[in-house]
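# Commentary on secondary and tertiary structure
As a plain string of letters, each chain reads:
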Amino acid sequence: MERVILVGFMGCGKSTLGRKLASKLNVAFIDSDSDIEKRYQQSIGELFTRYGESHFREIERQFIEPLYDETAFVLATGGGMPCFGQNMEMLNELGTTFYLERSPKELVHRLVQSKTKRPLLAGLSEDELLSYVENKLAEREPYYHLADFTLGRDEQNAETIQKILHHLSPLQKS
Ligand code: S3P
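Residues numbered from 1 in each chain as written. Predicted model: local features only at pLDDT ≥ 70, side-chain atom pairs only at ≥ 80, totals over all residues. Heavy atoms only, no water.

### Description of the nonpolar core
Convention followed: Buried residues of nine kinds, namely Ala, Val, Leu, Ile, Met, Phe, Trp, Tyr and Cys, make up a nonpolar core once their side-chain atoms join them within 4.5 Å. With a 1.4 Å probe rolled over the protein chains alone, any residue whose accessible area is under 20% of its type maximum counts as buried; one over 50% counts as exposed, and the rest are partly exposed. By definition, any uninterrupted DSSP run of H or I lasting at least four residues is a helix, any uninterrupted run of E lasting at least two residues is a strand, and each is numbered from the N terminus. Contacts between residues were defined by any pair of non-hydrogen atoms, one from each residue, lying within 4.5 Å.
The biggest cluster of nonpolar side chains holds 48 residues, and the ones touching the most others in it are Phe 9, Leu 91 and Ile 164. With five residues, helix H7 (residues 126-144) is the largest single contributor of residues to this core. What Leu 91 contacts, discounting residues up to four positions off in sequence, is Ile 5, Val 7, Ile 64, Leu 75, Thr 77, Met 81, Pro 82 and Thr 97.

In structure tokens form, the structure reads like this:
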């Protein structure tokens, strides 16, 4: 059974890496943000604006449980998902978790391109973005560090994928 879960800050590359990894493992790729958007027929930004962040966090919490019925997938989680309630414990129970670690500077570099898609970052200047990322990351890292493995710092995706495959082969959580 291959359930692989990627956690990490916004912009760390969970979706891009997850899609490639799923194709290598020949399993389904699940992106929690895209699935939630499809299910509710609204963008994450609209969900935040209409119903507020706490409602979105409840949607994320409910997203995890049905995944216990699936046997094999790569899941790219939204950056905040592991950091609320018991979500990180549930994700760890569900499968093998990997924290894709990036420095605040690297995250900012990646995020300036895609800020508008992310309601928590809307309206921040580049300078404000760096201090936001530093603070938020410090708040969230204790959760991310509960992952089974931490990878990605100063690595290209191909290298990270090889390491994930290496960690997975002897594990096979069931
Ligand atoms: C969020 C991260 C986003 C998305 C939402 C909130 C967060 O996902 O779930 O905008 O709280 O970090 P990505 O990590 O895919 O950007």
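### Describing the environment of Lys 24
Secondary-structure assignment places Lys 24 in helix H1 (residues 14-25). Sequence separation between Lys 24 and Leu 67 is 43 residues; the distance between their C-alpha atoms is 20 Å. Other than its neighbours up to four places away in sequence, Lys 24 contacts Ile 161, Gln 162 and Leu 165.

### Quick look at the packing of aromatic side chains
To keep things clear, this is the line we draw: Aromatic rings from Phe, Tyr and Trp, taking only the six-membered ring of Trp, are treated as a pair when their centres fall within 6.5 Å; an angle between ring planes under 30 degrees marks them as stacked, one over 60 as edge-to-face, and anything in between as tilted.
Scanning the entire structure with this criterion turns up three aromatic pairs. On the basis of an interplanar angle of 20° and a centroid distance of 5.3 Å, the ring pair of Phe 98 and Phe 149 is categorised as stacked. Taken together, the residues Phe 98 in strand E4 (residues 96-100) and Phe 149 in strand E5 (residues 149-151) connect sequence positions 51 residues apart.

### A closer look at helix H4 (residues 53-64)
So the rule is basically this: Given the number of residues in a helix, its expected span is that number minus one, multiplied by 1.5 Å. What the arc measures is the spread of directions leading from the helix axis to the C-beta atoms.
Along its 12 residues, H4 runs 17 Å from first to last C-alpha, staying within 8% of the 16 Å computed at 1.5 Å per residue. Every buried residue belonging to H4 is among Phe 56, Arg 57, Ile 59, Glu 60, Phe 63 and Ile 64, and all of these are buried. All buried residues of H4 project into a common sector of 155° when viewed along the axis, lining one side. Tucked into the core, H4 has its buried residues touching strand E2 (28-31), helix H2 (32-40), helix H3 (44-51), strand E3 (73-76), helix H5 (87-94) and H7.

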